[in-house]
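Each chain is listed here by its residues.
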Amino acid sequence: RATGEESDTVEGIVKAQVEFPRPSNDNPADSMPADVVTGQDTLSGAGGQRLPVSSIDVDSGYQPGRTGHDAAVVHLASPTAAPPIPTAGADQASLAAPGSKLLLTGWGLVANNDRATPDSLQQATITAASNRRCEVDYEGAFKRTEMICSTGGLPDACRGDSGGPLVSTDGG
């Protein structure tokens, strides 16, 4: 559920940066992943729960090859037993205020020039920065209504990490 509230069961997963296998018509919903694994931090490990996907709702403004509106909700055929991660509401914007600590996670590349992805879930703590800083640093590529600015440098996210959870470590 992408409602900003916790629930006893998780029926959907919010996925940013739509990166599903693409069919010839470039519609991610036409090429759903076979399943989703929850409750596991090692891809080759045992445990967790493997659940089929029933549907994918892609942002109506999504355009392949462009940034922005690159989010989707992946609906599971049945609820997962994994605990939900609450989503922040508009009244919690301060969780990403400049100076806030944020934890990013993903199975993306560990180095830009690498092709292999790690078997274990990677994580890094970053510090949020002002929107103005990223508007200056990224000259028009930063979109304050769709992105959160961080101080940059290492550690950082890499290709394949997009859509992984970004969690406030400051509480809230």
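Residues numbered from 1 in each chain as written. Predicted model: local features only at pLDDT ≥ 70, side-chain atom pairs only at ≥ 80, totals over all residues. Heavy atoms only, no water.

## A few points about the pairing of strand 3 (residues 49-58)
Of the pairings in the sheet, the one linking strand 2 (residues 35-38) to strand 3 comprises four bridges and is antiparallel in character. Across the sheet, the residue bridging to V37 is R50, located in strand 3. Pairing geometry for strand 3 and strand 4 (residues 71-80), over five bridges, is antiparallel. By the bridge assignment for strand 4, V53 is matched with L76. (Pairing = 2+ DSSP bridges. Helix = DSSP H or I, 4+ residues; strand = E, 2+ residues; numbered from the N terminus.)

## Overview of the state of the cysteines
Taken as a whole, this structure holds one disulfide when the rule is applied. Note that C134 is cross-linked by a disulfide to C149, the S-S spacing being 1.9 Å. As the torsion about the S-S bond is roughly 80°, the C134-C149 disulfide counts as right-handed. Here C134, found in helix 1 (residues 131-137), pairs with C149, found in the loop between helix 1 and strand 7 (166-168); they are 15 residues apart in sequence, far enough to count as distant. Residue classification places C134 among the buried positions, given a relative accessible area of 3%. Judged by relative accessible area, C149 falls into the buried class, the value being 1%. (Disulfide = S-S within 2.5 Å. Buried < 20%, exposed > 50% of the residue type's maximum accessible area, 1.4 Å probe, protein only.)

## Points about unusual backbone geometry
Although it is not a glycine, E139 adopts a positive phi angle of roughly 35°. Inspection of the secondary structure puts E139 in the loop between helix 1 and strand 7. Looking at E139, the relative accessible area reads 71%, which means it is exposed.

## Regarding the nonpolar core
If you look at the biggest cluster of nonpolar residues, it comprises seven residues: V36, L51, V53, I56, A72, V74 and L76. For this core, the elements supplying multiple residues, two or more each, are strand 3 and strand 4. Judged by nonpolar contacts, the second largest core, of five residues, contains L102, L104, I126 and A128. (Core = buried A, V, L, I, M, F, W, Y, C linked by side-chain atoms within 4.5 Å.)

## Digging into the environment of K101
Take K101: it is sitting in strand 5 (residues 101-106). Separated by 26 residues in the primary sequence, K101 and T127 have C-alpha atoms spaced 4.8 Å apart. Those residues in contact with K101 that sit more than four places away from it in its chain are T125, I126, T127, V167, S168, T169 and D170. Side chain to side chain, K101 and T127 meet in a polar contact 2.8 Å long. (Contact = heavy atoms within 4.5 Å. Polar contact = N/O pair within 3.5 Å; in protein donor to acceptor, adjacent residues only side chain to side chain.)

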